[in-house]
Amino acid sequence: MDLRIAACAAAIALAFAGPALAQPAQLKFASPAPPQSPVNTWGIQPWIEEVQKASDGTVEIKAFLGPTLGNFNNIYERTISGVTDLAFGVFGPMAGQFPRTDVSSLPFEGGDCRQSSIALWRLLDQGLIAGEYDKIKPMALFVVPGSGVHTKKEVKAVDDLKGLKVAVFARVGSHAADLLGATPVTMTPSDAYQS
């Protein structure tokens, strides 16, 4: 078993331990991503199972997948206000709230998501971006592969982007689209396919 999972389960169990705890501590984990998304099926659900197993029945985590308890735009506020105890979110829709963390979305700065994720966690650990997390306790920070440009119209040169509406998920992408002559349209990842 991963020691981080065991430590997390122990920390959660201790936080809710009482003199005679008959029922397990019940936590709500919200993920605005669709239930069948890889973040839920490969990440959140297996993590929940491992934490519950490592807690020896002292912690029960219920997953709320999709926009049940919050969407990508408001999941941070829903966590701070106590609607959910744990949450997964993405930084793009929270533009401006985590400006130092946004360094991870700069194009061409990190070629390997694993290395970029480790570097981002180290920035937090060393206190360089820690002030952005005063209201919450991050359990993980990670960088996902950069987005590509997908169009109906063939794009062979930068000039072919002029006037195209381009979906963007973060402030950096919006600025890049502007510089390339495209029109940025901000949306969450779950809205991109239908759009």
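The following refers to the structure shown.

What counts and what doesn't
Residues numbered from 1 in each chain as written. Predicted model: local features only at pLDDT ≥ 70, side-chain atom pairs only at ≥ 80, totals over all residues. Heavy atoms only, no water. Helix = DSSP H or I, 4+ residues; strand = E, 2+ residues; numbered from the N terminus. Buried < 20%, exposed > 50% of the residue type's maximum accessible area, 1.4 Å probe, protein only. Contact = heavy atoms within 4.5 Å. Expected span 1.5 Å × (residues − 1). Arc of directions from axis to C-beta. Polar contact = N/O pair within 3.5 Å; in protein donor to acceptor, adjacent residues only side chain to side chain. Pairing = 2+ DSSP bridges. Axes fitted to C-alpha atoms, helices over the stretch in contact; angles between N-to-C directions. Right-handed = clockwise from strand over helix to strand, strands pointing away. Salt bridge = Lys/Arg side-chain N within 4 Å of Asp/Glu carboxyl O. Core = buried A, V, L, I, M, F, W, Y, C linked by side-chain atoms within 4.5 Å.

1. Some thoughts on the overall build of the chain
Next up, step 1: Helix and strand counts for the chain come out as six helices and five strands.
Next up, step 2: Overall, the chain shows an N-to-C arrangement of helices and strands of α-β-α-β-α-β-α-β-α-β-α.
Next up, step 3: Burial analysis of the chain (195 residues in total) assigns 29% to the buried set.
Next up, step 4: Of the contacts made within the chain by residues no fewer than 6 positions apart, 54% connect residues no fewer than 24 positions apart.

2. Some thoughts on helix α4 (residues 113–125)
Helical geometry: 3.6 residues make up each α-helical turn, so side chains three or four residues apart lie on a common side.
Next up, step 1: A rise of 1.5 Å per residue sets the reference length of α4, with its 13 residues, at 18 Å; its end C-alpha atoms lie 18 Å apart and thus fit the reference within 8%.
Next up, step 2: All buried positions along α4 are accounted for by Ser 116, Ser 117, Leu 120 and Leu 124. On an axial view of α4, the arc spanned by its buried residues comes to 100°, and they lie on one face. Across α4 from its buried face, at more than 90 degrees, point the exposed residues Arg 114, Gln 115, Arg 122 and Asp 125.
Next up, step 3: The residue sitting at the N-terminus of α4 and contributing the capping side-chain oxygen is Asp 112; that oxygen lies 2.8 Å from the backbone nitrogen of Arg 114.
Next up, step 4: One or two residues past the end of α4 sits Gly 127, with phi positive at roughly 85°.

3. Quick word on the sheet that holds strand β1 (residues 25–31)
Next up, step 1: What the three strands build is an open sheet, ordered β2-β1-β3; its pairing is parallel. Looking along the sheet, the strands with just one partner apiece sit at the ends: β2 (59–65) and β3 (86–87).
Next up, step 2: Along the sheet, helix α2 (residues 38–54) makes contact with β1, β2 and β3, crossing β2 at roughly 165°.

4. Observations concerning the pairing of β1
Next up, step 1: Most of β1 sits out of view: five of its seven residues are buried.
Next up, step 2: As for the winding sense of the linkage, the β-α-β connection from β1 through α2 to β2 is right-handed.
Next up, step 3: Both β1 and β3 contribute to a ladder of two bridges, which runs parallel. Its bridge partner lying in β3, Phe 29 is registered against Leu 86.

5. Some remarks on the side chain of Thr 84
Next up, step 1: With respect to the element layout, Thr 84 can be found in the loop between α3 (75–80) and β3.
Next up, step 2: Engagement of the side chain of Thr 84 in a polar contact is seen with the backbone nitrogen of Ala 30, the distance being 3.3 Å.
Next up, step 3: A polar contact is formed between the side chain of Thr 84 and the backbone oxygen of Leu 86, at a distance of 2.8 Å.
Next up, step 4: When residues no more than four places from it in sequence are discounted, the contact partners of Thr 84 are Lys 28, Phe 29, Ala 30, Leu 69, Arg 78 and Thr 79.

6. Thoughts on the pattern of salt bridges
Next up, step 1: Inspection of the entire model under this criterion finds one salt bridge.
Next up, step 2: Its salt-bridge partner being Asp 159, residue Lys 162 comes within 3.6 Å of it at the nearest N-O pair. A single burial state applies to Lys 162 and to Asp 159, both of which are exposed.

7. A closer look at the nonpolar core
Next up, step 1: Counting residues in hydrophobic clusters, the biggest one holds 12 residues: Leu 27, Phe 29, Ala 33, Ile 44, Trp 47, Ile 48, Val 51, Val 59, Ile 61, Phe 72, Leu 86 and Phe 88.
Next up, step 2: Elements that contribute at least two residues to this core include exactly β1, α2 and β2.
Next up, step 3: If one sorts the elements of this core by residue count, α2 sits on top with four residues.
Next up, step 4: Not counting residues within four places of it along the chain, the set of residues in contact with Phe 29 comprises Ile 44, Trp 47, Ile 48, Ile 61, Lys 62, Ala 63, Phe 64, Thr 84, Leu 86, Ala 87 and Phe 88.
Next up, step 5: Counting nine residues, the second-largest nonpolar core is a separate cluster that includes Tyr 76, Met 94, Leu 124 and Val 143.

8. Section: the pairing of strand β4 (residues 165–168)
Next up, step 1: The alternating pattern of β4 places Val 166 and Val 168 on a buried face, while none of Lys 165 and Ala 167, on the opposite face, is buried.
Next up, step 2: Taken together, the four bridges between β4 and strand β5 (residues 183–186) define a ladder with parallel strand orientation. Bridge pairing in β5 places Val 168 opposite Thr 186.
Next up, step 3: In the classification by handedness, the crossover that spans β4, the intervening helix α5 (residues 171–179) and the parallel β5 is right-handed.

Note that all results are geometric; they support no functional claim without further evidence.
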